[in-house]
Every structure is written in structure tokens, then in C-alpha cells.
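Understanding the architecture of this molecule
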Amino acid sequence: MSESGAHATLDLRGVMCPINFVKTKLKLEMMSPGEVLEVILDSGEPIQNVPKSIKEEGHRIIEVKKEGDFFRLKVEKG
Amino acid sequence: MTDHFIQDKTTKVTVNLEGAEQKMDFNDLKSGGFIKQRQKDLFTVRLRCPGGKLTTEKLIEISKIAHKYSKKGVVHFSFRQSLEILYVDYKEFNAIVAELEKIGQKVASCGPRVRVPTACGGCEYNPNGLTDTQKMAEMVDKTFFGTPTPHKFKTSFSGCPIDCARTKEMDLGFQGVVDPKWEEEACTGCTICAEACKEGAIESDPDTGKPIFDPLKCIWCGDCIRACPTEAWRPKRYGHIVRIGGKHGRHPMEAVEVCSFLPDEKVADAIRLTIEWYNANGKRGERIGNTLKRVGLDNYLKFMEPVFQNNETVKA
Ligand code: HEM
Ligand code: HEM
Ligand code: SF4
Ligand code: SF4
Ligand code: SF4
């Protein structure tokens with residue numbers, strides 16, 4: 001576990017929809033339920049779409065931090 | 001609806017069907033979804049596929065029939081989602097209809113009556129969908145298909161404000177909406193909803209990050225509800241925006257919104273009453289949009305009060 005409290009981090013800045021979500025999904029699939037993935041997303045389309053898709057797949061977003069024009073999300077695998 | 005139908009005046013012909021002489025009246029065919037092609041003796045047979053949906057089983061059977069009767073072996077997807085079998089010889093009408101009937105496939109209607117309803121995927125499988133458009137289209141098809149009206153009467157159902165089923169150009173259109181409700185306790189001030197709202201209806205409080213909602217800008221799409229990580233935004237109620245008087249064709253008209261948040265269970269009443277009003281007020285060959293212009297929207301709204309009242313916003 002890193003200092004951020006996450007088991008893994010995915011920096012998806014500059015990665016377009018829906019590839020950013022697919023990468024998130026694949027990473028989560030390799031993790032165990034309850035583990036936390038940190039995802040970094042651009043504002044605009046990525047932050048409009050990825051969180052709802054994460055929810056639809058049954059995972060939980062437990063923390064969101066806005067840092068400039070990107071977002072740092074902590075996702076707990078469902 | 002007659003100009004590109006049969007040009008000559010003699011509509012009664014005698015044809016040889018399955019060895020027996022039979023009289024066919026082309027005027028009867030007009031209500032049956034048979035459209036004359038430019039090729040001699042050949043017609044398009046338009047099927048009735050409400051909401052553009054078919055089971056794969058039925059599609060396989062339709063394919064076999066189309067393969068047998070289409071002289072060129074082609075079908076076409078009509079602009080209102082129904083499948084058309086092209087290049088069918090009129091002498092084989094009875095045979096093709098009988099075969100279609102056997103698999104439970106009906107033929108569409110033409111002329112001055114309620115047409116096959118169109119619909120998008122809606123909430124059954126589309127991620128944006130807020131209403132069960134397919135179920136609604138099925139209901140309309142069962143209850144109102146073919147009902148005589150002064151001119152054609154087209155309905156459609158879109159599941160959300162993206163409006164893929166183009167309710168703004170229907171005689172009567174229903175578009176799904178959701179009323180978002182915010183609960184402060186659950187909100188963490190993450191600002192995602194403000195990012196997710198494409199209408200500028202949500203701004204983030206500069207200090208807390210919590211949403212400041214502007215109902216005048218909201219188009220009731222539910223993006224905020226789907227995006228919120230903590231369920232602080234929740235659906236308060238679902239419904240349909242009702243639009244009337246739209247049409248396409250040579251002289252397009254945009255439908256006007258006459259009701260927002262009409263619940264599912266009132267949709268059939270809204271259609272029934274609208275048809276009643278249209279039949280009482282419309283002139284032969286006049287689309288309902290033009291009837292509304294002539295008779296006045298207020299007259300219609302007064303008539304519709306029993307259904308539309310308590311469902312808010314009547315924008316003219
Ligand atoms: C492979 C085919 C298609 C795909 C993948 C597709 C995809 C989409 C998507 C993603 C949207 C939402 C756009 C948005 O977020 O604003 C949309 C909107 C729409 N689509 Fe399609 N579509 C397809 C075919 C069609 C066809 C064939 C029609 C009409 C005959 C159609 C009519 C519409 C309309 C009217 C809208 C609303 C557009 C607007 O926002 O102004 N689409 N479509
Ligand atoms: C025998 C059957 C039919 C005939 C003879 C026929 C004839 C016509 C004619 C003459 C027009 C032009 C009207 C105008 O431009 O003012 C028209 C328009 C149109 N027809 Fe048909 N039609 C038939 C069936 C259908 C069916 C079954 C559908 C849909 C399922 C359909 C969809 C349309 C559409 C979308 C337009 C554009 C005009 C509008 O929406 O106002 N037609 N048709
Ligand atoms: S209108 Fe909305 S629900 Fe229907 S297909 Fe389009 S995006 Fe999906
Ligand atoms: S329902 Fe749609 S338009 Fe209204 S606030 Fe939510 S995201 Fe914005
Ligand atoms: S997305 Fe949800 S938690 Fe985040 S600010 Fe909006 S209402 Fe609050």
C-alpha cells in the first residue's frame with residue numbers, strides 16, 4: 001500500500017474516453033474486493049463519464065480530490 | 001398520402017391469385033403498408049416493428065419470407081424503424097401477408113391514422129435512459145395503432161433529453177426526464193456533479209464544493225445523479241415531457257412542450273384524449289400542428305386539463 005492509502009494508482013491524464021474507463025476496469029479486475037485504486041482523471045469528458053461507469057460496475061468511489069484541472073479519485077473494488 | 005400511390009383512376013383490378021380469380025381493391029391496400037414502387041407491378045411491403053425492436057427468432061423468419069418474395073432479395077430499414085421488404089409483386093400480396101401472419105408479423109399502416117410508434121432503447125439497456133420507451137411503444141402499438149385521425153399521426157418515445165427518437169418532430173412525442181433531488185448530508189463537496197452537468201445548471205460553492213442548483217437551466221437529464229459518488233443526488237421522480245404538433249416533411253414544424261413530468265400511467269390517457277381532440281377539431285388532411293395553429297393551443301390545453309393538470313410547466 002502506498003502513502004496515499006491506495007493499493008495501486010492509474011494516471012489517466014491525457015487518456016480519452018472510453019479507454020480511460022477500460023483501463024480502470026481492467027486494473028480493478030486484477031485487484032481483490034475491498035482494495036483501493038487511485039485514479040487520476042482530467043476534468044471535462046473523463047470526469048463526466050468515468051465515475052458513473054465505475055458506479056455502474058458496482059465499485060465505490062470513496063474519495064474525490066480536485067487538483068487544478070484534474071481529479072484524484074479513490075475507488076474501492078466492489 | 002395518395003400522390004405517390006397509384007396514379008391511374010382504375011383501382012379495381014382482377015388478378016389471378018393461386019389459380020383463382022380474385023378482385024383486389026388498391027384503395028384497401030393503402031391502409032395496409034403497401035407502397036407502390038416506380039417499377040411496374042412491384043411494391044414495398046412495410047412491416048410493423050414498434051420501437052424498431054424484433055426478436056431474433058422473428059427476424060430469421062422474416063428474412064426467409066423476404067428472401068422468397070423480394071424480386072431483388074433486399075430489405076430496407078425505414079426512417080421510422082420498421083423493416084420494409086422491397087420489390088414484392090402485387091400478385092403475391094395475399095401469399096406474403098398470409099406467411100407473415102403465420103409468424104405473427106403484422107404489416108404497417110399508411111394514410112390518415114395512428115402510425116407505428118418509434119422509440120429508442122430507453123432505460124431497458126441504454127445508459128442514459130430514464131423511461132421504459134420500448135414498453136411504452138408496445139402499449140401505443142397495441143392500444144392505438146391504426147386509429148383513424150384527420151391526417152397521419154406519429155408518436156415517439158425518447159428515453160432522455162438527448163432525444164434520439166426526435167420527439168420534437170412528432171405529432172405527439174414523449175421524452176424521458178428525471179427530477180434530481182440533493183441531500184446535503186450525503187454530499188462531500190467533491191464538485192463532480194458540477195463537472196458532469198453539461199447545462200451549467202450546477203455550480204460548485206467556491207468554499208465547500210457543494211452544488212448550487214439552477215432549476216431554470218436544468219433539462220432533467222440525470223447526469224448529476226449518475227455521476228455523484230455518494231448518492232447525494234437522487235431521483236425524486238421520473239416522467240415524460242410531452243410535445244405536440246411537430247412534423248417533418250416539406251414544411252417541418254417543431255413541437256411545443258405541453259407538459260413536463262407526465263407519469264407513465266397517464267401516457268395512454270394523454271394519447272387517447274389528444275386523438276379525441278384532434279378528431280373533433282382537425283380538418284381532413286391537416287396535421288395536428290396546423291390544427292393547433294388554427295384552433296389555438298389554449299383550446300387544446302383546456303381539453304387536456306384532466307390529464308395534464310398537476311404535472312407542471314405548460315410552456316407555449
Ligand atoms: C451506429 C450508429 C449510431 C450511433 C453509435 C449513435 C450514437 C449516438 C450517441 C452517442 C448520441 C448521443 C450524443 C450526445 O451525447 O449528445 C446520439 C444522439 C442522437 N442520435 Fe445517434 N447514433 C447512431 C445512429 C443514429 C441514427 C441512424 C439516427 C437517426 C436516424 C440517430 C439519431 C440521433 C439523434 C437525433 C440524436 C440526438 C442528437 C442531438 O443531441 O442533437 N442516431 N447518437
Ligand atoms: C402507402 C403508404 C404510404 C404512402 C402512400 C405515403 C406517402 C407519403 C407522402 C405522399 C409523403 C409526403 C408528404 C408531404 O411531403 O407532404 C409522405 C411523407 C412521409 N411519410 Fe409516408 N407514406 C406511406 C407510408 C408511410 C409509413 C408507413 C411511414 C412511417 C412508418 C411513412 C413515413 C413518412 C414520413 C416520415 C414522411 C415525412 C413527412 C412527415 O413526417 O410529415 N410513410 N408519405
Ligand atoms: S434518447 Fe437517451 S435513452 Fe434514448 S437512445 Fe438516446 S441517449 Fe439513449
Ligand atoms: S439533471 Fe442534468 S441538467 Fe439538471 S442539474 Fe442534473 S446534470 Fe444538470
Ligand atoms: S457529486 Fe455528489 S458528493 Fe460531489 S459535490 Fe456533487 S452532490 Fe456532492
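Because the structure is a prediction, the values reported are computed rather than measured. (Residues numbered from 1 in each chain as written. Chains lettered and ligands numbered in written order. Predicted model: local features only at pLDDT ≥ 70, side-chain atom pairs only at ≥ 80, totals over all residues. Heavy atoms only, no water.)

1. Things to note about the site of ligand 5
What surrounds ligand 5 is a group of 13 residues, the closest being W182, C187, C190, C193 and C228 of chain B. Partitioning the shell around ligand 5 into residue classes produces eight nonpolar, five polar and no charged. (Near = heavy atom within 4 Å. Nonpolar A, V, L, I, M, F, W, Y, C, P; charged D, E, K, R; others polar.)

2. Some words on the packing of helix α2 (residues 56–69) of chain B against helix α3 (residues 93–102) of chain B
Relative orientation and spacing of two packed helices are given, respectively, by the angle between their axes and the distance between those axes. Residues and elements named next belong to chain B. Where α2 meets α3, the closest approach of the two axes is 10 Å, and the angle between their N-to-C directions is 170°. Classified by the interaxial angle, the pair formed by α2 and α3 is roughly antiparallel. Judged by residue contacts, I65, K68 and Y69 of α2 engage A95, I96, E99 and L100 from α3. Here the contact of α2 with α3 is built from residues that sort into five nonpolar, no polar and two charged. (Axes fitted to C-alpha atoms, helices over the stretch in contact; angles between N-to-C directions. Helix = DSSP H or I, 4+ residues; strand = E, 2+ residues; numbered from the N terminus. Parallel < 35°, antiparallel > 145°, perpendicular 65-115°, else oblique. Contact = heavy atoms within 4.5 Å.)

3. Considering the site of ligand 4
Neighbouring residues of ligand 4: 13 residues in total, closest C197, C218, C221, G222 and C224 of chain B. Considering only residue class, the shell around ligand 4 consists of ten nonpolar, one polar and two charged.

4. Comments concerning the pattern of salt bridges
Applying the stated rule across the entire model yields 32 salt bridges over all chains. Within the structure, one salt-bridge network assembled from shared partners comprises K40, D41, D89 and K91 of chain B. (Salt bridge = Lys/Arg side-chain N within 4 Å of Asp/Glu carboxyl O.)

5. Some details on the confidence of the model for chain B
Residue and element names in this part refer to chain B. Scored by pLDDT, chain B comes out at a mean of 90, with 88% of its residues at no less than 70. Segment residues 1–23: pLDDT under 50, and 42 contacts once partners within four positions in sequence are set aside and those in other chains are kept. At the level of chain-chain contacts, confidence expressed as ipTM amounts to 0.77, with global pTM at 0.78. (pLDDT = per-residue confidence, 0-100.)

6. Some thoughts on the pairing of strand β6 (residues 83–89) of chain B
Residue and element names in this part refer to chain B. Of all the seven residues making up β6, seven are buried; the element is thus mostly covered by neighbouring parts of the structure. Direction of pairing for strand β4 (residues 42–46) relative to β6: antiparallel, over a ladder of four bridges. Bridge assignment links V45 to a residue of β6, and that residue is I85. In terms of strand pairing, strand β5 (residues 75–77) meets β6 through three bridges, oriented antiparallel. Bridging from a neighbouring strand, H76 pairs with E84 of β6. Where β5 folds back on β6, the antiparallel hairpin that results is connected by five residues, among which Q81 adopts a positive phi of roughly 75°. (Buried < 20%, exposed > 50% of the residue type's maximum accessible area, 1.4 Å probe, protein only. Pairing = 2+ DSSP bridges.)

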